[in-house]
Amino acid sequence: MKQVKIRSVEKETPAIIAGCMRFAEKSVEEVNAFIHGSLELGINYFDHADIYGNGTCEELFGKALKDDSSINREDLIIQSKCGVRLGIDYDLSKEHILNSVDGILKRLQTDYLDTFLLHRPDALFEPEEIAEALDQLEQSGKVRSFGVSNFKPMQVELLKKCVKQDLVINQLQFSLPVSNMIAGSMEMNMESPGSVDHDGNVLDYCRLHDVTIQAWSPFQMPAWQGVFLGNERYGELNKVIDTMAEKYGVTPTAIAAAWILRHPAGMQIVSGTTSLERMEEIASACDVTLTREEWYQLYLSAGHLLP
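These notes cover the structure that comes with them. None of these values were measured; they are calculated from a predicted model. (Residues numbered from 1 in each chain as written. Predicted model: local features only at pLDDT ≥ 70, side-chain atom pairs only at ≥ 80, totals over all residues. Heavy atoms only, no water.)

**Quick word on the overall build of the protein chain**
When helices and strands are tallied, the protein chain shows eleven helices and ten strands. For the protein chain, the spread of C-alpha atoms along the three principal axes comes to 50 × 45 × 35 Å. Classification of the 307 residues of the protein chain by burial places 55% in the buried group. Counted over contacts in the protein chain with a minimum sequence separation of 6, partners at least 24 positions apart contribute 75%. Averaging the coordinates of the 28 positive side-chain charges in the protein chain and doing the same for the 45 negative ones gives two points 2 Å apart. (Helix = DSSP H or I, 4+ residues; strand = E, 2+ residues; numbered from the N terminus. Buried < 20%, exposed > 50% of the residue type's maximum accessible area, 1.4 Å probe, protein only. Contact = heavy atoms within 4.5 Å. Lys, Arg positive; Asp, Glu negative; His and termini not counted. Charge placed at Lys NZ, Arg CZ, Asp CG, Glu CD.)

**Observations concerning the pattern of salt bridges**
What the rule picks out here adds up to 14 salt bridges. When the shortest N-O distance is used, the salt bridge between Asp-166 and Arg-7 registers 3.1 Å. Of this pair, Asp-166 sits in the loop between helix 5 (153-160) and strand 8 (167-173) while Arg-7 sits in the loop between strand 1 (3-4) and strand 2 (13-14); the two residues are 159 residues apart in sequence, bridging distant segments of the chain. Judged by its relative accessible area of 40%, Asp-166 falls in the partly exposed class. A salt bridge links Asp-114 to Arg-73, with the shortest nitrogen-to-oxygen separation between them at 3.0 Å. (Salt bridge = Lys/Arg side-chain N within 4 Å of Asp/Glu carboxyl O.)

**Some details on helix 4 (residues 127-139)**
The end-to-end C-alpha distance of helix 4 is 18 Å, a good match for the 18 Å that 13 residues give at a rise of 1.5 Å each. Buried within helix 4 are the following residues: Pro-127, Ile-130, Ala-131, Ala-133, Leu-134, Asp-135 and Leu-137. Summarising the contacts, the buried residues of helix 4 are in contact with helix 3 (94-108), strand 6 (113-118), strand 7 (143-149), helix 5 and strand 8. Two residues or fewer past helix 4, Gly-141 is found with a positive phi of approximately 80°. (Expected span 1.5 Å × (residues − 1).)

**Some words on empty space enclosed by the protein**
Going through the model one piece at a time under the given rule, you end up with two cavities of 30 Å³ or more. Around the largest cavity, the lining residues are Val-148, Val-156, Leu-167, Ile-169, Asn-170, Val-202, Tyr-205, Cys-206 and Val-211. Of all the elements in the fold, those that place two or more residues in the lining of the largest cavity are strand 8 and helix 7 (202-208). Its residues assigned to classes, the lining of the largest cavity comprises eight nonpolar, one polar and no charged. Lining of the second largest cavity is provided by Asn-180, Met-181, Gly-184, Ser-185, Asp-197, Asp-199 and Asn-201. Tallied by class, the residues present in the lining of the second largest cavity amount to one nonpolar, four polar and two charged. (1 Å grid on protein atoms, 1.4 Å probe; cavity = no way out; pocket = protein on both sides within 12 Å on 5 of 7 lines; lining within 4 Å. Points joined across faces, edges and corners; volume = space filled by probe spheres on them. Nonpolar A, V, L, I, M, F, W, Y, C, P; charged D, E, K, R; others polar.)

**With respect to the nonpolar core**
Among the nonpolar cores identified, the biggest contains 93 residues, and Phe-61, Phe-116, Phe-228 and Leu-298 are the most heavily contacted of them. Considering every element that reaches this core, the biggest residue donor is helix 9 (residues 252-261), with eight residues. The residues contacting Phe-228, other than those within four sequence positions of it, are Ser-175, Leu-176, Pro-177, Pro-218, Phe-219, Gln-220, Met-221, Tyr-234, Leu-237, Asn-238, Ile-241 and Ala-256. (Core = buried A, V, L, I, M, F, W, Y, C linked by side-chain atoms within 4.5 Å.)

**Some thoughts on the sheet that holds strand 9 (residues 212-216)**
The strand order around the closed barrel built from eight strands is 3-4-5-6-7-8-9-10, with neighbouring strands paired in parallel fashion. Geometrically, the sheet is characterised by an average inter-axis angle of 30° between neighbouring strands, direction not taken into account. Both strand 4 (residues 45-47) and strand 5 (residues 77-82) contribute to a ladder of three bridges, which runs parallel. For Phe-46, the partnering residue across the bridge sits in strand 5 and is Ile-78. Lying on the sheet, helix 5 is in contact with strand 6, strand 7 and strand 8; it crosses strand 8 at an angle near 155°. (Pairing = 2+ DSSP bridges. Axes fitted to C-alpha atoms, helices over the stretch in contact; angles between N-to-C directions.)

**Some details on the environment of Lys-239**
Here Lys-239 shows up in helix 8 (residues 235-248). Taking the C-alpha atoms as reference, Lys-239 lies 32 Å from Arg-207; in sequence the two are 32 residues apart.

**Some words on the layout of surface pockets**
Here the largest pocket defines a volume of roughly 620 Å³. In terms of lining, the largest pocket is formed by 27 residues, of which the most central are Val-178, Asn-180, Met-181, His-198 and Asp-199. For the lining of the largest pocket, the elements supplying multiple residues, two or more each, are strand 8 and helix 6 (180-186). In terms of residues, the lining of the largest pocket owes the most to one element, helix 6, which gives three residues. Class assignment for the residues of the lining of the largest pocket results in 14 nonpolar, nine polar and four charged. Empty space within the second largest pocket amounts to approximately 520 Å³.

**Thoughts on the pairing of strand 6**
With six of six residues buried, strand 6 lies mostly within the body of the structure. Once the chain exits strand 5 it traverses helix 3 before rejoining the sheet at strand 6, and the crossover so formed is right-handed. In this sheet, strand 7 lies alongside strand 6 in parallel orientation, the contact comprising five bridges. What sits directly across from Leu-117, in strand 7, is Gly-147. In this view, the connection linking strand 6 to its parallel neighbour strand 7 by way of helix 4 has right-handed handedness. (Right-handed = clockwise from strand over helix to strand, strands pointing away.)

These figures come from the coordinates and say nothing about function on their own.
The structure is reproduced here in structure tokens:
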């Protein structure tokens, strides 16, 4: 398994992260089997959020760990997020952050989180409040490393005005079709749709500040309209992917994942599957290094432009 270095995270971190947002409909036994299967693939990084299944996903994961003495907590990297309140709004107040982390730890049945992310920007967030919350979480030992999810560079800078901890992760949507953080720079000074800067040059910002990007929805079309693999809307892209999959002896899923891992930013991929077979396909991307020509061929076949 390819490793990615995350600043301030002491443990080795795999390039593939097991996203746990679809655990809610699973049994404890099924979750336990998924954890074991992921570990056998070299994937020991598990991503949660308190909003996933309204806490059920974390609860099932925690029960699976407690019931299995063969799994050593110190061998796992457990990450969770807070800030999105189901059906209500966003809340990054000090009180909500602290209460949320306590709830997360209780459901996961662990004493600490390896990494904790602010899930989405709260329009009403106050950097001073967040700084106080993160200080308490760090000093209490409840959280070891911090980051954000879906934050623009200037929002991170606003946080850093008061927050003392390194913010070492930004979890962002990224896939072959959803690649504005590439297109916005490649098509700069053009009048094409891709030239619109939607994210404040977040990719370059993260590289400049050693922030690890975790790519979520790595196989999704824009606006969450479904998976692009095998979809006729992306016929040319799938044709190219299939050709490369045959060349490298892997599945199309692996090629789509390898495209993300090929980028020199050193991204991680957050999978969203509960299928171990699918996880194995994604993990095999770590054994594929696309050429520069192949990387650009895939980018162009996804409908992007080059000036």
